Amino acid sequence: MAQTSEVNRQIVLAERPKGQPDHDTLKMQATDVPVPGEGEMLVRTVYLSLDPYMRGRMNDAKSYAEPVSIGEVMTAQVVGQVVTSNLEGYEVGDFVLSGSGWQDYAVSDGSMVMNLGKNPENPSWALGILGMPGYTAYAGLLKIGEPKPGETVVVAAAAGPVGATVGQIAKLKGCKVVGIAGGADKCAHVVENLGFDACIDHRSDDLAKELREACPNGIDVYFENVGGKVLYAVLPLLNPFARVPVCGVVAWYNLPGLPEGRDMGPSIMGTVLRMKVKMQGFIIYDSFPASLYKEFSRDMNAWLQDGSVKYKEHVVEGLENAPAAFNQLLVGGNFGKMVVKVSQ
Ligand code: NDP
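Presented here is a report on the structure given in the accompanying data block. The model shown is predicted, which means the values in this text are computed figures rather than measured ones.

Some details on the site of the ligand
In the vicinity of the ligand there are 26 residues, among which K186, H202, N225, Y253 and N334 approach most closely. Measuring from an oxygen atom of the ligand, one finds a backbone N or O atom of P161 at 3.5 Å. Between the ligand and N334, the relevant distance is 2.6 Å, taken from an oxygen atom to a side-chain nitrogen or oxygen of the residue. Coverage of the ligand by the protein amounts to 91% of the 900 Å² it exposes when considered alone. Looking at the shell around the ligand, the elements that each hand over two or more residues are α2 (132–145), α3 (161–172) and α9 (322–330). Along the lines of polarity and charge, the residues of the shell around the ligand split into 17 nonpolar, eight polar and one charged.

Concerning helix α7 (residues 265–274)
Residues I268, G270, T271 and V272 constitute the buried set of α7. As for α7, its buried residues are in contact with α6 (228–234), β12 (238–246) and β13 (278–281). Positive backbone phi, approximately 55°, marks K276, located one or two places after α7.

Some details on the nonpolar core
Membership of the largest hydrophobic core comes to 61 residues, with the highest contact counts inside it found for L48, L50, W102 and L141. Element by element, the count of residues in this core is highest for α2, at eight residues. Each of domain 1 (7–125 + 312–341) and domain 2 (132–281) gives at least three residues to this core. Counting 26 residues, the second-largest nonpolar core is a separate cluster that includes V178, L235, A242 and V277.

Section: the packing of α2 against helix α8 (residues 291–306)
For the pair α2 and α8, the least separation of the axes is 10 Å and the interaxial angle reads 110°. The angle between α2 and α8 falls in the class roughly perpendicular. For the pair formed by α2 and α8, the contact residues are G134, Y135, Y138, A139 and K143 on the first element and L292, Y293, E295, F296, D299 and W303 on the second. In terms of residue class, the contact of α2 with α8 is built from seven nonpolar, one polar and three charged.

Some words on the environment of G332
Structurally, G332 is set in the loop between α9 and β15 (337–341). The class for G332 is partly exposed, based on a relative accessible area of 28%. Expressed as a C-alpha distance, the spacing of G332 and V250, which sit 82 residues apart in the sequence, is 10.0 Å.

Criteria and cut-off values
Residues numbered from 1 in each chain as written. Predicted model: local features only at pLDDT ≥ 70, side-chain atom pairs only at ≥ 80, totals over all residues. Heavy atoms only, no water. Near = heavy atom within 4 Å. Polar contact = N/O pair within 3.5 Å; in protein donor to acceptor, adjacent residues only side chain to side chain. Areas by Shrake-Rupley, 256 points an atom, 1.4 Å probe, with all protein chains shown as cover. Helix = DSSP H or I, 4+ residues; strand = E, 2+ residues; numbered from the N terminus. Nonpolar A, V, L, I, M, F, W, Y, C, P; charged D, E, K, R; others polar. Buried < 20%, exposed > 50% of the residue type's maximum accessible area, 1.4 Å probe, protein only. Contact = heavy atoms within 4.5 Å. Core = buried A, V, L, I, M, F, W, Y, C linked by side-chain atoms within 4.5 Å. Domains from an automatic or database assignment. Axes fitted to C-alpha atoms, helices over the stretch in contact; angles between N-to-C directions. Parallel < 35°, antiparallel > 145°, perpendicular 65-115°, else oblique.

See the structure below:
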């Protein structure tokens, strides 16, 4: 059972990984619990979010965000509870969404913090369906994918928080939805519980053929979550004027360099050109007008309440288990949105 710590346990980046992170990548250290000053509060982590983007932060490479420095606490959104407050608008016991990172406690001056109140119904959902991954699915699909009734939408990592939400929203918009996921259990969940029309196991020997058979009218929207061989199976099926919101390429996050084998550049760019594909990358923090978040919040709360969107979490107990859980996330060891329960 996860317990509140007497010290502040922190997980820091010890070494930049080459490929898959290993036991030298992250280290746990113990420090004193910090003391908040005037205009600050102390937040105790209850749920820590694990997300694929964290792999990118381990690299010293140009990106949309600064890398985590060696020795620095790994970055993360957490849902925590206020333990001490010298900050107006925050009381002891309030649940907050903040960027405290992989640690038990953090002091905050309230910047980039959302107060979730004393009794949120499902506090951890602010890290998933009602937070960053849910909003990513909503904004990327509706604003870049622009799905229309009757069109075919394909999304991989379909049992994860982004993919599962993309598919369910596309169904609400009247589309035919084909998911791609790793393994029979995930595929069954995607079809039976989430209402996708079909789901294909990307480990199948003939992914391209199975996808072709599942999409007899081609693909109008491919929501790109993974890249790799899924992308190569999708390419020949894209219809003229297809839209491809490029959200993530998790299949390649652990690559130490360029992939081996045939250069797929000509195939990708040739398809984009011939099929007049709109392919647009986005980063959820700064790619859409701030007003869209309100629309998302309104719609998603309504869909969850009336049961038209369902949500699954994968909860890991204990901060000390976060590094191993993170490695599992990158290779499909999660079944639903991965969160770590750090304290009660
Ligand atoms: P998930 O919880 O779905 O975890 C990632 C999943 O990717 C794994 O569970 C696994 O699922 C799948 N996967 C891993 N390797 C492969 C592979 N080689 N081929 C096919 N699938 C693979 O993640 P999220 O829902 O949080 O994120 C989905 C994507 O969205 C990621 O790429 C992430 O980086 C991106 N993202 C981008 C944002 C943005 O602002 N652009 C914001 C948030 C997320 P399975 O078992 O089904 O293979």
